[in-house]
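Listed here are the chains, written in short residue letters.
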Amino acid sequence: MISMILASIMTFFHDTLGVGWGMAIIFLTLLVKIVLFPFSISQIRSTEGIKKIQPELQKIQAKYKNNPEEQQRKVMELYQKNKVNPLGGCLPLLLQLPVLWALFGLLNTPEKFNIDFTNAFFLSMDLTKSGYLVLGIISGVTSFLQQKMTTVSTADNSQSTLLYVMPVLMGYITYTLKAGVGLYWVASNVLGIIQQWVITRFFLKEGETTVK
């Protein structure tokens with residue numbers, strides 16, 4: 001159902017506005033970002049709140065490392081004191097998953113939605129084919145930048161490793177998928193980086209940690 005709606009919107013961009021399928025994918029990505037913008041604000045507000053109490057959180061974890069129950073109690077007190085919801089970033093992410101899955105299905109098999117990608121090119125890339133190294137590299141770089149902006153610094157080495165491993169993995173996956181899907185992912189990353197900066201700069205009050 002969601003895929004059919006997205007297919008109709010993308011077809012409108014292509015047929016009515018007269019843009020190519022590549023630009024239609026970018027416009028569709030932009031539209032999805034706009035629709036999900038309120039949820040993104042909530043997600044980023046939660047992340048920024050946790051970032052700001054991270055030093056105190058690490059002190060508690062170090063002080064009560066041999067007393068898990070007391071550590072958990074102190075952590076919850078810290079969250080309540082600063083009005084930070086540690087799960088505040090999860091719900092917006094879950095709400096986006098059906099849309100992201102629908103977009104993936106649409107762009108991976110456009111013929112199922114009566115969209116003809118024959119001779120669909122964007123910057124010399126055939127959107128129906130895979131194996132574009134440049135697209136994969138851009139995907140990896142933008143994935144790293146976006147993840148870097150949203151990652152809460154911790155002493156956990158595994159998290160630091162993921163910061164570098166995941167972008168490489170996403171770059172490889174983008175390389176193996178059809179360029180239409182890869183173009184969506186790259187556009188989503190770039191818009192996500194811009195969105196993160198805009199929300200942090202203009203939508204969060206200075207010193208704000210509260211999750212509304």
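To start, this report covers the structure provided alongside it. Note on numbering: residues in each chain are counted from 1, in written sequence order. Per-residue local features of the predicted model are confined to residues with pLDDT of at least 70, and side-chain atom pairs are confined, for both listing and counting, to 80 or more; whole-chain, interface and lining totals are unaffected and use all residues. Values shown for side chains rest on all heavy atoms present in the structure; no hydrogens or waters enter the calculation.

## Observations concerning the nonpolar core
Right, so step 1: Membership of the largest hydrophobic core comes to 29 residues, with the highest contact counts inside it found for Met10, Trp21, Ile25, Leu106, Phe117 and Leu127.
Right, so step 2: Sorting the residues of this core by element identifies α1 (2-15), α2 (21-35), α5 (90-108) and α8 (179-203) as the ones contributing at least two each.
Right, so step 3: We define the nonpolar core as a collection of buried residues of types Ala, Val, Leu, Ile, Met, Phe, Trp, Tyr and Cys that are connected through side-chain atoms lying within 4.5 Å of one another. A 1.4 Å probe rolled over the protein chains alone gives each residue an accessible area, and that area as a share of the maximum for its type sets the label: buried under 20%, exposed over 50%, partly exposed in between. Counting residues in hydrophobic clusters, the runner-up holds nine residues, among them Tyr64, Val75, Leu78 and Tyr79. Where helices and strands are cited, they refer to DSSP runs of H or I of at least four residues and of E of at least two residues respectively, numbered from the N terminus.

## Focus: helix α6 (residues 133-150)
Right, so step 1: Residue count minus one, scaled by 1.5 Å, sets the expected span of a helix. The terminal C-alpha atoms of α6 lie 26 Å apart, and with 18 residues this matches the ideal 26 Å at 1.5 Å per residue to within 8%.
Right, so step 2: Looking only at α6, the buried set comprises Leu135, Gly136, Ser139, Gly140, Thr142 and Ser143.

## Points about the side chain of serine 3
Right, so step 1: Looking at the secondary structure, you find serine 3 in helix α1.
Right, so step 2: What makes two residues a contact is simply this: any of their non-hydrogen atoms within 4.5 Å. Beyond its immediate chain neighbours, meaning those up to four positions away, serine 3 contacts Ala102, Leu106 and Phe113.

## Some words on the environment of phenylalanine 13
Right, so step 1: For phenylalanine 13, the location among the structural elements is in helix α1.
Right, so step 2: For the pair formed by phenylalanine 13 and methionine 23, sequence separation is ten residues and the distance between their alpha carbons is 8.3 Å.

## Description of the environment of glycine 182
Right, so step 1: Relative to the elements of secondary structure, glycine 182 occurs in helix α8.
Right, so step 2: In this structure the C-alpha to C-alpha distance between glycine 182 and glycine 171, which are eleven residues apart in sequence, comes to 9.1 Å.
Right, so step 3: The contacts of glycine 182, once residues within four sequence positions are left out, are Leu135 and Thr174.

## Observations concerning a nonpolar patch on the surface
Right, so step 1: Distance thresholds for patches are 9 Å for like charges and 5 Å for nonpolar side chains (Val, Leu, Ile, Met, Phe, Trp, Tyr), applied to residues having over 30% relative accessible area and no salt bridge. What sets the accessible areas is the Shrake-Rupley method with a 1.4 Å probe; for residues, cover comes only from the shown protein chains. The salt bridge definition used is simple: a Lys or Arg side-chain nitrogen within 4 Å of an Asp or Glu carboxyl oxygen. Among the surface-exposed residues, Leu133, Ile137, Val141, Leu145, Leu169, Tyr172 and Tyr175 lie close enough to one another that they form a single nonpolar patch of about 680 Å² accessible area.
Right, so step 2: Looking at the nonpolar patch, the elements that each hand over two or more residues are α6 and α7 (157-176).
Right, so step 3: No other element matches α6, which puts four residues into the nonpolar patch.
Right, so step 4: Positionally, valine 141 belongs in helix α6.
Right, so step 5: Overall, valine 141 belongs to the partly exposed group, its relative accessible area being 45%.

## A short note on the pattern of salt bridges
Right, so step 1: Using the criterion set out here, one finds two salt bridges in the structure.
Right, so step 2: Between arginine 73 and glutamate 70 there is a salt bridge; the shortest N-O distance is 2.6 Å. Placement of the pair is arginine 73 and glutamate 70 together in helix α4 (residues 68-82), with a separation of three residues, close to one helical turn.
Right, so step 3: Here arginine 73 makes a salt bridge to glutamate 77, at a shortest N to O gap of 2.5 Å. Remark: glutamate 77 and arginine 73 occur in helix α4; sequence separation between them is four residues, near one turn of the helix.
Right, so step 4: A single network of salt bridges, built from pairs that share partners, joins Glu70, Arg73 and Glu77.

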